Amino acid sequence: EAGVAQSPRYKIIEKRQSVAFWCNPISGHATLYWYQQILGQGPKLLIQFQNNGVVDDSQLPKDRFSAERLKGVDSTLKIQPAKLEDSAVYLCASSLLVTDTQYFGPGTRLTVL
Amino acid sequence: GENVEQHPSTLSVQEGDSAVIKCTYSDSASNYFPWYKQELGKRPQLIIDIRSNVGEKKDQRIAVTLNKTAKHFSLHITETQPEDSAVYFCAARGSGGGADGLTFGKGTHLIIQP
């Protein structure tokens, strides 16, 4: 079974620039999550999708972060404009159902200079 | 919201000894508690999980225990091996009617000394 795919794997940008990350979940997984993992910390949930609808975005900084999951499959996470404190690994995870195991992708390491 | 505390932040044990990592959670409605292992630069990988209707679960050298009354759960690794060296994260998931993202602890860096 193919795992969760993410791209790019690394991204370096200047502050105030924009950036977008892409995630392709495991085939058939209805639930998709984006997490932010700052160095030395555990992942922090940013947003949860069930199919193409948002279930929870309470921890998403909506003034600069946005996410979408068109057609209930792939998802993109965007940051506009980026700040220095956004430097982190952005992890995508998916699960078959909400109550099932979450499988993580390899992550995108973002460095904001 | 849920808050998960994890201890210790660093744990060094001799190869062959046991390692124990402890976590506490705040939301009594949480009902699912996974443990993830993350090697440097890699994705978190699930190693074991436990649901709130079970007190203990074992998988070879790994076990997890859950005390719902005290709201804490622990990871036990026996006969540790060099490949067990990694960062381990505990997490909790509430029963929030569909809003069920995981809340993670800050991680434990497990070092296996040869």
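Residues numbered from 1 in each chain as written. Chains lettered and ligands numbered in written order. Predicted model: local features only at pLDDT ≥ 70, side-chain atom pairs only at ≥ 80, totals over all residues. Heavy atoms only, no water.

### Re the packing of aromatic side chains
One pass over the structure, following the stated rule, counts 13 aromatic pairs over all chains. On the numbers, 5.0 Å between centres and 25° between planes, the contact of Phe21 of chain A with Tyr90 of chain A is stacked. Of the two residues, Phe21 of chain A is situated in strand S3 (residues 19–24) and Tyr90 of chain A in strand S9 (residues 88–95); the sequence distance between them amounts to 69 residues. For the residue pair Phe21 of chain A and Tyr90 of chain A, the accessibility class agrees, reading buried in each case. Taking the centre distance of 5.2 Å and the plane angle of 90° together, the rings of Phe104 of chain A and Tyr36 of chain B count as edge-to-face. Residue Phe104 of chain A is located in strand S10 (residues 103–104), and its partner Tyr36 of chain B is located in strand S4 (residues 32–38); the two belong to separate chains. Residues Phe104 of chain A and Tyr36 of chain B agree in their burial class; the two are buried. (Phe/Tyr/Trp six-rings, centres within 6.5 Å; stacked < 30°, edge-to-face > 60°. Helix = DSSP H or I, 4+ residues; strand = E, 2+ residues; numbered from the N terminus. Buried < 20%, exposed > 50% of the residue type's maximum accessible area, 1.4 Å probe, protein only.)

### Remarks on the state of the cysteines
A complete count under the given rule lists two disulfides over all chains for this structure. Covalently, Cys23 of chain A is tied to Cys92 of chain A through a disulfide, its sulfur atoms 1.9 Å apart. The chirality of the disulfide connecting Cys23 of chain A with Cys92 of chain A is left-handed, given an S-S dihedral of about -65°. Remark: Cys92 of chain A occurs in strand S9 and Cys23 of chain A occurs in strand S3; sequence separation between them is 69 residues. A disulfide bridge connects Cys23 of chain B with Cys90 of chain B, and the sulfur atoms are separated by 1.9 Å. Looking down the S-S bond of the Cys23 of chain B and Cys90 of chain B bridge, the torsion is -100°, so its handedness is left-handed. Of the two residues, Cys23 of chain B is situated in strand S3 (residues 19–25) and Cys90 of chain B in strand S9 (residues 86–92); the sequence distance between them amounts to 67 residues. Given the relative accessible area of 0%, Cys90 of chain B is considered buried. (Disulfide = S-S within 2.5 Å.)

### A closer look at the pattern of salt bridges
Residues and elements named next belong to chain A. Counted under the stated rule, the structure contains five salt bridges over all chains. Between Lys62 and Asp57 there is a salt bridge, with its nearest N and O atoms 3.8 Å apart. As a salt-bridge pair, Asp86 and Arg64 come within 2.5 Å of each other at their nearest N and O atoms. Taken together, the residues span a long stretch of sequence, with Asp86 in the loop between strand S8 (75–79) and S9 and Arg64 in the loop between strand S6 (53–56) and strand S7 (65–68) at a distance of 22 residues. Exposure remark for Arg64: the relative accessible area of 11% places this residue in the buried category. (Salt bridge = Lys/Arg side-chain N within 4 Å of Asp/Glu carboxyl O.)

### Structural notes on the sheet that holds S7 of chain A
All names here are of chain A. As summarised here, the arrangement of the four strands in space is S1-S3-S8-S7, forming an open sheet in which the pairing is antiparallel. The outermost strands of the open sheet, each flanked by one partner alone, are strand S1 (5–7) and S7. Within this sheet the neighbouring strands show an average axis-to-axis angle of 15°, counted without direction. Relative to S3, S1 runs antiparallel, the two being bridged by three bridges. Within S3, the residue paired with Gln6 across the bridge is Cys23. (Pairing = 2+ DSSP bridges. Axes fitted to C-alpha atoms, helices over the stretch in contact; angles between N-to-C directions.)

Distances and angles like these do not, on their own, reveal function.
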